[in-house]
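# Structure assessment
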Amino acid sequence: MLKLFERLVEASRSRGVRFVLHFAKCRGKVGIDREVKALDEEGRPAPWSRIFPGVTPQNILQQCVLRKVEVYRGSELLGVYNSIEEALSAV
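Our subject in this report is the structure included herewith. All values derive from a computational prediction rather than experimental measurement.

### Quick look at the sheet that holds strand 2 (residues 29-32)
Overall, antiparallel pairing links the 6 strands, which are arranged 4-3-2-1-5-6 in an open sheet. The sheet terminates laterally at strand 4 (45-46) and strand 6 (76-81), the two strands that pair on one side only. The sheet contact formed by strand 1 (residues 18-24) and strand 5 (residues 65-73) spans 7 bridges and is antiparallel. Across the sheet, the residue bridging to leucine 21 is valine 69, located in strand 5.

### A short note on helix 1 (residues 2-15)
Its 14 residues give helix 1 an end-to-end C-alpha distance of 20 Å, which sits within 8% of 20 Å, the value for a rise of 1.5 Å per residue. Taken together, the buried positions of helix 1 are occupied by Leu4, Phe5, Leu8, Val9, Ala11 and Ser12. Projected down its long axis, helix 1 carries its buried residues within an arc of 160 degrees, all on one side. In helix 1, the exposed positions angled more than 90 degrees off the buried face are occupied by Lys3 and Arg13. Taken together, the buried residues of helix 1 touch strand 1, strand 2, strand 3 (36-39), helix 3 (60-63) and helix 4 (84-90).

### A few points about the state of the cysteines
Working definition: the covalent bond between the sulfur atoms of two cysteines is a disulfide. Per the counting criterion, the structure on display carries 1 disulfide. Put simply, cysteine 26 and cysteine 64 are joined by a disulfide, and their sulfur atoms are 2.2 Å apart. Here the disulfide of cysteine 26 and cysteine 64 is left-handed, its torsion about the S-S bond being about -80 degrees. Of the two residues, cysteine 26 is situated in the loop between strand 1 and strand 2 and cysteine 64 in the loop between helix 3 and strand 5; the sequence distance between them amounts to 38 residues. Judged by relative accessible area, which is 8%, cysteine 64 ranks as buried.

Definitions and cut-offs
Throughout this description, residue numbers start from 1 for each chain and increase along the sequence as written. Reporting of local features is limited, given that this is a predicted model, to residues whose pLDDT is at least 70; pairs of side-chain atoms are given and counted only at 80 or more, and all residues count toward the totals for whole chains, interfaces and linings. Derived side-chain values reflect all non-hydrogen atoms in the structure, with water molecules and hydrogen atoms excluded from consideration. Two strands are said to pair when DSSP picks up at least two bridges between them. Think of it this way: any DSSP run of H or I at least four residues long counts as a helix, any run of E at least two long counts as a strand, and we number them from the N terminus. By this rule, a helix spans an expected 1.5 Å times one less than how many residues it contains. Note on exposure labels: buried denotes an accessible area under 20% of the residue type's maximum, exposed denotes more than 50%, and partly exposed covers the range between, all computed with a 1.4 Å probe on protein chains only. To obtain the arc, one takes the directions from the helix axis to the C-beta atoms. Contacts: residue pairs with any heavy atoms within 4.5 Å of one another. Sulfur atoms of two cysteines make up a disulfide when they are within 2.5 Å.

In structure tokens, the structure reads:
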């Protein structure tokens, strides 16, 4: 799972995009904008332990079901994808 995050961070840095991972049955989101961040319901950065209590960043993809991946350049939405691999291949 860490390899996927590394690929997302690298794509974010090299292509100037931002990824937002939405999960089913998890109240928070994961934002990847040159680094991995926990986001609250409104999309604001928040402490990881408050958004995902008891879940480490390494295990988030195993413990929460990925619903969609949004890709942004600045504030412009470039696309919505069903998987991380699909989002990476589109960028």
